[in-house]
Amino acid sequence: MPIDIFMTQLSPTMTEGKIARWLKKEGDTLESGEVLAEVETDKATMEMEVVDEGVLHKIIAAEGSVVPVGQPIGVIAEDDEEIPDDYMPEGTGAAPAEAAVEAEASAAPKVTSEQALETLAEAAMATADDDDEHELVLKPAGVFNADGEFDVVVIGAGPGGYVAAIRAAQLGLKVACVEGKHLGGICLNWGCIPTKALLRTAEIINVIKHHGKELGVGLTTPKPDLVQAVARSRGISEKLNKGIGFLFKKNKIEHIDGFASFEAGNRLVVEKDGKSREVTAKHVIVATGARARAFPGMEVDNKVVITYMQALAPTRLPKKLTVIGSGAIGMEFAYFYNAMGSEVTVVEAAEQILPLEDYEISKVVERSFKKNGIKVITGAMVSSAKNVDGKGVVEYERKGKAERIEGDQVLVAVGVIGNTDSIGAENTSMQVERNTIAVDDWYRTDHAGVYAIGDVVGAPALAHVASHEGIVCVEGIAGLNPHKVDYGNVPGCTYCQPQVGSCGKTEQQCKEEGIPVKVGRMSYAPNGKALGLAETEGMVKTIFHAETGELLGAHIVGAEATELIVSLQLARTYETTEAELMHHMFPHPTLSEMIHESVLDSEDRAIHI
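Here is what the cut-offs are and how they apply
Going along each chain's sequence as written, the residues are numbered from 1 onward. Reporting of local features is limited, given that this is a predicted model, to residues whose pLDDT is at least 70; pairs of side-chain atoms are given and counted only at 80 or more, and all residues count toward the totals for whole chains, interfaces and linings. Computation of side-chain values: all heavy atoms of the structure, hydrogens and water removed. If DSSP finds at least two bridges between two strands, the strands pair. Runs of E in the DSSP output that reach at least two residues are strands. Runs of H or I that reach at least four are helices, and both are numbered from the N terminus. Only the stretch in contact is used when fitting a helix axis, every axis being a line fitted to C-alpha atoms; angles between N-to-C directions are given from 0 to 180 degrees. To define a nonpolar core, start from buried Ala, Val, Leu, Ile, Met, Phe, Trp, Tyr and Cys residues and group those joined through side-chain atoms within 4.5 Å. Burial classes follow relative accessibility: with a 1.4 Å probe on protein chains only, a residue under 20% of its type's maximum area counts as buried, one over 50% as exposed, and anything between as partly exposed. A carboxyl oxygen of Asp or Glu within 4 Å of a side-chain nitrogen of Lys or Arg is what we treat as a salt bridge. Each helix should span, by expectation, one fewer than its residue count multiplied by 1.5 Å. The term bend refers to the angle at a residue between two fitted axes, each drawn through seven residues, those ending there and those starting there. Residues count as neighbours in contact if any of their non-hydrogen atoms are within 4.5 Å of one another.

Asks: I would appreciate a short explanation of the sheet that holds strand 13 (residues 267–272) in the present structure.
Replies: An order of 12-13-14 is seen for the three strands of this open sheet, with the pairing classed as antiparallel. Edge positions in the sheet fall to strand 12 (259–263) and strand 14 (275–279), since each of these pairs with one other strand and no more. For this sheet, the mean inter-axis angle between neighbouring strands, taken without regard to orientation, is 30°. Sheet analysis places strand 13 next to strand 14, joined by five bridges and oriented antiparallel. Each residue of the ladder has a partner; that of Val269, found in strand 14, is Glu278.

If you want it as structure tokens, here you go:
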């Protein structure tokens, strides 16, 4: 039987749309996911995708027609189906094909944001898949305060909190965000962003030092300026901080300056400078982030024994720096301080640096660090790190032998711990263990109407994970049946040089799980683009299931690895196979060609090895 096409509600507040352009014509075959038409709303021009497949039998609403949501705009015929020429869907007539006349805005029915959200929720539930990906583990739903002034209040404006607030506002909800320090959180102000600015300085220093002559720049001895590098880094953070404020104003999000905590009786109180204010909300999202962790014996005084906060804004360059921990934070600071002129030693408890990365990848970074004069000590259990008469002294045990390092400063980079201590969690039903809040797949806690996202819900403590969780959380609140986060395909990035980007399983994990694999590798050394960049250090490693061709893991070490990994992560999302990647055409000359060669190498078909 004929399938009627209706004007879809493409945004929460959309009540009608103007057919700007049909991208299919009568008689065209329609496949799911293709763009059927472009529709103009009061806010933007949006794409309407094909949902039901078949042949476009008839266009009812001509280009230029303004059609209310829910009214028919066309008819689809199924394969070999005969449809009478005079067939018209019920309700046709409001915008005939011959009349490309725009209706008066007053004629459109008024739809509240709550009604729009209900419509979106119903549509989402109706189209939700029943496959394993959507088998959710959910705690009971509910509200924090049914009479709340705000629909959603977010505690914390880091990459999880501010993204959640903006998405909630996009969905037509009334939103406030509580933040007493700095918009953008640790990531923007004291983490991801300022470190990347410093690492750019370090990268240029090393390019000049190692390749200045061959590149013809006329310099081989750089003169690092610590003060200028730090000033640039802080300026970038300040600029982006103001950008978050602009986005809040644009999306009509109220920024409440202060620190929020729960009190008995489902109360949320915000305090700042001795003043307090009670804020009422139907839903509350905890996005308070994390702070640097220090293990017993590590006596952080923020002068000699420091964390990333002090390492980002040094007033002087330590002659000797000891870095405890070789995760992303430790490795990035080790690289920066080495480039600026410090004598750096990295101490790691695991048997390899970058313990979460593939072993081969970590060895490439270790060789590079050693070549640059960074000392790397693995398998070392630190017992203490102290300020002893103005010197940073680290004591550790390795292979049963007690050892000691003395330097000017010690950077403790052994991970982070969730900020759950001062939010009044004890006045709620939230389950908190080791500074981690228990949540379900949509980030509901055990307290009705209270949610948690980002570092406070545990590893991986990454900005992009927090942002993704924030969107899923808010769309769950709005009833949109979002996809749960795929924690098996989170991209890991380390921005020292050589960079590291990875997703999926390591080769060792596959062996431990008994998965038969095929592994492909491609070095940077013979790649034309890498040679042109004077960046020939590194490799691409791809891991496939030996029987099904599934891409199980991808690991890149070298120039722009953190950019290149996205394509392989996307390939895993779309369940792309080894055969499909082999047949894909990669542009030349690019670093991405190494991905192709690595895939080909898994079948002994690499061309340039």
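Asks: Whenever I open this one, the nonpolar core confuses me. Can you help?
Replies: Proteins that are soluble and globular tend to have nonpolar side chains buried together. Among the nonpolar cores identified, the biggest contains 38 residues, and Phe336, Val365, Phe369 and Leu411 are the most heavily contacted of them. With eight residues, the top contributor of residues to this core is helix 7 (residues 328–340).

Asks: I would appreciate a short explanation of the pattern of salt bridges in the present structure.
Replies: Between side chains of opposite charge, a pair can form as their charged atoms come close. With the rule as written, the count across this model stands at 30 salt bridges. Measuring nitrogen to oxygen at the nearest pair gives 3.1 Å for the salt bridge that ties Glu278 to Arg267. In this pair, Glu278 is assigned in strand 14 and Arg267 in strand 13, connecting sequence segments eleven residues apart. By relative accessible area, which is 42% here, Glu278 ends up partly exposed. Looking at Arg267, the relative accessible area reads 31%, which means it is partly exposed. One network of salt bridges, in which partners are shared, links Asp358, Glu360, Glu507, Arg521 and Lys541.

Asks: What is the right way to look at the pairing of strand 32 (residues 539–545) in this model?
Replies: In regular strands, side chains alternate between the two faces of the sheet. Taken across its seven residues, strand 32 has seven buried, putting it largely inside the fold. As defined by bridge partners, strand 31 (residues 517–523) adjoins strand 32 across seven bridges and the pair is classed as antiparallel. Considered in strand 32, the bridge of Val519 is made with Ile543. Direction of pairing for strand 32 relative to strand 33 (residues 551–558): antiparallel, over a ladder of six bridges. Paired with Lys541 across the bridge in strand 33 is His555. Hairpin connection of strand 32 to strand 33: five residues between the antiparallel strands, including Gly549 at a positive phi of 80°.

Asks: Looking at this structure, I do not really get helix 4 (residues 192–215). What am I missing?
Replies: One turn of an α-helix holds 3.6 residues; hence residues three or four places apart share an orientation. Taking 1.5 Å as the rise per residue, helix 4 with 24 residues should run 34 Å; its terminal C-alpha atoms sit only 30 Å apart, a clear shortfall. The largest bend along helix 4 measures about 55° and falls at Lys209. Within helix 4, the full set of buried residues consists of Pro194, Thr195, Ala197, Leu198, Leu199, Ala202, Glu203, Ile205, Asn206, Ile208 and Gly212. Looking at the buried residues of helix 4, the elements they touch are helix 3 (185–190), helix 5 (226–250), helix 6 (308–312) and helix 7.

Asks: Looking at this model, I keep getting lost on the sheet that holds strand 32. Mind explaining?
Replies: Strands in a sheet are paired, the pairing made by backbone hydrogen bonds, and the direction either parallel or antiparallel. Here we have five strands laid out as an open sheet, ordered 29-30-33-32-31, and antiparallel in their pairing. Edge strands, defined here as strands with exactly one partner in the open sheet, are strand 29 (492–494) and strand 31. Mean inter-strand twist for the sheet, computed between neighbouring axes without regard to direction, equals 10°. Judged from the three bridges that link them, strand 29 and strand 30 (residues 499–504) form a sheet pairing that is antiparallel. Bridge pairing links Gly492 to Ser502 in strand 30. The strands touched by helix 12 (residues 561–573) are strand 29, strand 30, strand 32 and strand 33; relative to strand 33, the strand with the most contacts, the crossing angle is about 175°.

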